[in-house]
Amino acid sequence: MIIAMDGPAGTGKSTIASLIAKKLGITYLNSGSFYRALTMALNDTDIDIADSEKVVEFCKKQSLDYENSHLILNGKDVESHLHDDAVSARVAQVSSIVEIRHLVNERMREITNHLDIICEGRDMTTVVFPNADYKFYLDASIDVQAQRRFDQGVSNMTLEEVKAAIIKRDEIDRNKKEGALRRAEDAFYIDTSALTIDKVCEIILSKIQK
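Residues numbered from 1 in each chain as written. Predicted model: local features only at pLDDT ≥ 70, side-chain atom pairs only at ≥ 80, totals over all residues. Heavy atoms only, no water.

A. Seen up close, the sheet that holds strand β4 (residues 70-73). The 3 strands lie next to each other as β3-β4-β5, forming an open sheet whose pairing is antiparallel. Edge positions in the sheet fall to β3 (64-67) and β5 (76-77), since each has one partner strand and no second. (Pairing = 2+ DSSP bridges. Helix = DSSP H or I, 4+ residues; strand = E, 2+ residues; numbered from the N terminus.)

Structure below.
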């Protein structure tokens with residue numbers, strides 16, 4: 001079984017997907033972790049991320065694994081640093097490179113080949129798993145998105161800076177040549193702005209259990 005979930009930042013996708021995975025006893029996969037890990041690796045080099053050819057060549061040499069919902073980069077658990085400001089500042093640009101998207105998508109499909117999963121990201125329902133058994137698109141107002149991301153306490157930015165960063169990231173994501181952020185026609189739409197995490201989980205589980 002594959003449950004795919006898309007939507008912009010700050011809509012609760014990660015928290016909700018993780019909770020659904022626990023309730024159903026399936027594997028939770030965060031696609032963004034793969035792009036963030038590759039961005040983290042690139043940050044430790046002097047490679048110009050505008051040089052897509054060099055970026056792709058470098059990323060092909062990196063080992064990406066997923067264990068217990070944690071991203072393993074070259075044998076090291078890097079989950080706790082994936083949302084560092086230095087990573088967040090560049091991940092949208094790295095993930096907009098088409099060859100990188102192909103690389104990550106292929107790796108995700110390999111990892112999930114024999115698993116029941118719930119995955120979330122920007123193009124799970126449209127590109128990575130277009131034949132998913134269940135599809136959901138989570139949304140929220142930009143003010144709610146920014147406040148939620150700010151409240152996570154993973155950034156040193158002010159609330160206004162977080163809001164500006166989300167607007168910029170979502171604009172890049174919506175205009176990608178491939179894997180752009182958009183709602184699949186057959187995805188169930190949920191505006192989470194005024195809903196609790198528990199209520200969103202209840203809505204999703206009711207759709208799945210039907």
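Read on, since the account is not over.
B. Inspection of the pattern of salt bridges at higher detail. Evaluation of the coordinates by the stated rule reveals 10 salt bridges. Between E110 and R107 there is a salt bridge, with the nearest N and O atoms lying 2.8 Å from each other. Taken together, the positions of E110 and R107, both in helix α6 (residues 98-111) and 3 residues apart, correspond to about one turn of that helix. According to the relative accessible area criterion, E110 is partly exposed, its value standing at 45%. D186 is the salt-bridge partner of K135, the closest N and O atoms lying 3.2 Å from each other. With K135 in strand β7 (residues 134-139) and D186 in the loop between α9 (159-174) and β8 (188-191), the pair connects residues that are 51 residues apart, well separated along the chain. (Salt bridge = Lys/Arg side-chain N within 4 Å of Asp/Glu carboxyl O. Buried < 20%, exposed > 50% of the residue type's maximum accessible area, 1.4 Å probe, protein only.)

C. View of the side chain of N105. Topologically, N105 is positioned in helix α6. A relative accessible area of 3% places N105 in the buried class. Sequence-distant contacts of N105, defined by excluding residues within four places in its chain, comprise Y35, D123, V127 and V128. (Contact = heavy atoms within 4.5 Å.)

D. Structural view of the packing of aromatic side chains. Taken as a whole and judged by the stated rule, the model has 3 aromatic pairs. A centroid spacing of 5.6 Å and a plane angle of 20 degrees characterise the contact between F34 and Y66, whose relative ring orientation is stacked. One end of the pair, F34, is in helix α2 (residues 31-43); the other, Y66, is in strand β3, and 32 residues separate them in sequence. Exposure remark for F34: the relative accessible area of 0% places this residue in the buried category. With relative accessibility at 12%, the residue Y66 sits in the buried group. Seen in terms of ring centroids, Y137 and Y189 are 6.1 Å apart; in terms of plane orientation they differ by 10 degrees. Their pairing is stacked. Taken together, the positions of Y137 in strand β7 and Y189 in strand β8 put the pair 52 residues apart, joining distant regions of the chain. Given a relative accessible area of 7%, Y137 falls into the buried group. Taking relative accessible area as the criterion, Y189 reaches 31% and is therefore assigned partly exposed. (Phe/Tyr/Trp six-rings, centres within 6.5 Å; stacked < 30°, edge-to-face > 60°.)

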